[in-house]
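# Architecture at a glance
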Amino acid sequence: MKELETKLGYEFKDCSLLKTALVHSSYANENRHLHLECNERLEFLGDSVLGLAVARHLFLSCPGMPEGRMTRLRAELVCEQSLYSVAQKLGLGRFIMLGRGEELTGGRERQSILADCVEAVIAAMYLDGGIEVASGFIGRMILAGFDPGAHAASADHKTELQELVQRRSGQVLAYEMVGESGPDHCKTFTARVLLNGEPIGEGSGRSKKDAEQAAACRALEELKK
């Protein structure tokens, strides 16, 4: 436990919380005589603590960012792959208590098991030290490399445009290809975006998707004037 606490950057007052966070259901089921609680309830709580901490960070660090984009960024930051990366950094697979079946089938490296365990550990830190302790860990392990500027630069203009026009009911967006030029190996496509049948933006790109994004970007510029 001391080695893992060092990796976590936190010393538990109640070590039983951390131990429970490491008990996979397969181990608890195979050792019923030990009357151990598995980490599934902690995982449930940790999911909410993680979501709150990330949402708060996005809200405070990205003023003016639309709700839809914050929702997409939060989903990216709390996804299974993100949590699996945290587990790998911690070497968490070494500490999990697994049943024999899971052990023999590679459970210590299974992405879903490790991601769930990270959520359980977050809940254990929250229960032992409060939201600031859990948020500090999330900040160090998940949010440290987050760059709002980089994400803003790669914004999904089509989605942003859709969110903007949907603020009023009855609005219909549509895209149409209006031209293409160049040889087959290096074509340039031109797209137009229409709002309720009226053109509001036009743009070009090396693919149809890029052209639609450029058209949406142009439409956003016009609508925000």
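For the structure, see preceding data.
None of these values were measured; they are calculated from a predicted model.

## Thoughts on the overall build of the protein
- Helix and strand counts for the protein stand at 12 helices and three strands.
- Each of the three principal axes of the protein carries a C-alpha extent, and together these read 70 × 40 × 30 Å.
- Buried positions account for 40% of the 225 residues belonging to the protein.
- For the protein, contacts bridging at least 24 residues in sequence account for 54% of all contacts bridging at least 6.
- Once the 27 positive and 32 negative side-chain charges of the protein are each reduced to a mean point, those two points are 2 Å apart.

## A few points about the state of the cysteines
- Counted by the stated rule, this structure contains zero disulfides.
- Sulfur of Cys38: no disulfide; nearest cysteine sulfur belongs to Cys117 and is 11 Å away.
- Of the cysteine sulfurs around Cys79, a residue in no disulfide, the closest is that of Cys117, at 17 Å.

## Describing the nonpolar core
- Core analysis: the largest hydrophobic core is formed by 46 residues, its most contacted members being Leu92, Phe137, Ile138 and Ile142.
- Of all the elements, helix 8 (residues 111–129) adds the most residues to this core, at 11 residues.
- If sequence neighbours within four positions are ignored, Phe137 has contacts with Leu8, Val86, Leu90, Ile122, Met125 and Ile142.
- With 10 residues, the next largest nonpolar core counts Val193, Ile200, Ala215 and Leu220 among its residues.

## Some thoughts on the pattern of salt bridges
- Applying the stated criterion to the full structure yields 13 salt bridges.
- One salt bridge in this structure joins Glu5 and Lys2, with 3.7 Å as the shortest N-O distance. Taken together, the positions of Glu5 and Lys2, both in helix 1 (residues 2–8) and three residues apart, correspond to about one turn of that helix.
- Classification of Glu5 by relative accessible area gives buried; the value is 5%.
- Residue classification places Lys2 among the exposed positions, given a relative accessible area of 55%.
- Notably, a salt bridge pairs Arg192 with Glu202, separated by 3.2 Å at the nearest N-O pair. One end of the pair, Arg192, is in strand 2 (residues 188–195); the other, Glu202, is in strand 3 (residues 198–205), with 10 residues separating them in the sequence.
- For Arg192, a relative accessible area of 26% translates into the label partly exposed.
- A single salt-bridge network, built from bridges that share partners, covers Lys2, Glu5 and Glu11.

## With respect to the packing of helix 4 (residues 40–61) against helix 5 (residues 67–77)
- Following both chains from N to C, one finds helix 4 and helix 5 inclined at 135°, their axes separated by 10 Å at the closest point. Relative to helix 5, the element helix 4 lies oblique. Classified by chirality, the crossing of helix 5 by helix 4 is right-handed. Across from Gly51, Val54, Ala55, Leu58 and Phe59 in helix 4, the residues of helix 5 making contact are Met70, Leu73, Arg74 and Leu77.
- Each residue belonging to the contact of helix 4 with helix 5 can be placed in one class, and the counts come to seven nonpolar, one polar and one charged.

Conventions adopted
Residues numbered from 1 in each chain as written. Predicted model: local features only at pLDDT ≥ 70, side-chain atom pairs only at ≥ 80, totals over all residues. Heavy atoms only, no water. Helix = DSSP H or I, 4+ residues; strand = E, 2+ residues; numbered from the N terminus. Buried < 20%, exposed > 50% of the residue type's maximum accessible area, 1.4 Å probe, protein only. Contact = heavy atoms within 4.5 Å. Lys, Arg positive; Asp, Glu negative; His and termini not counted. Charge placed at Lys NZ, Arg CZ, Asp CG, Glu CD. Disulfide = S-S within 2.5 Å. Core = buried A, V, L, I, M, F, W, Y, C linked by side-chain atoms within 4.5 Å. Salt bridge = Lys/Arg side-chain N within 4 Å of Asp/Glu carboxyl O. Axes fitted to C-alpha atoms, helices over the stretch in contact; angles between N-to-C directions. Parallel < 35°, antiparallel > 145°, perpendicular 65-115°, else oblique. Left-handed = near helix turned anticlockwise from the far one by under 90°. Nonpolar A, V, L, I, M, F, W, Y, C, P; charged D, E, K, R; others polar.

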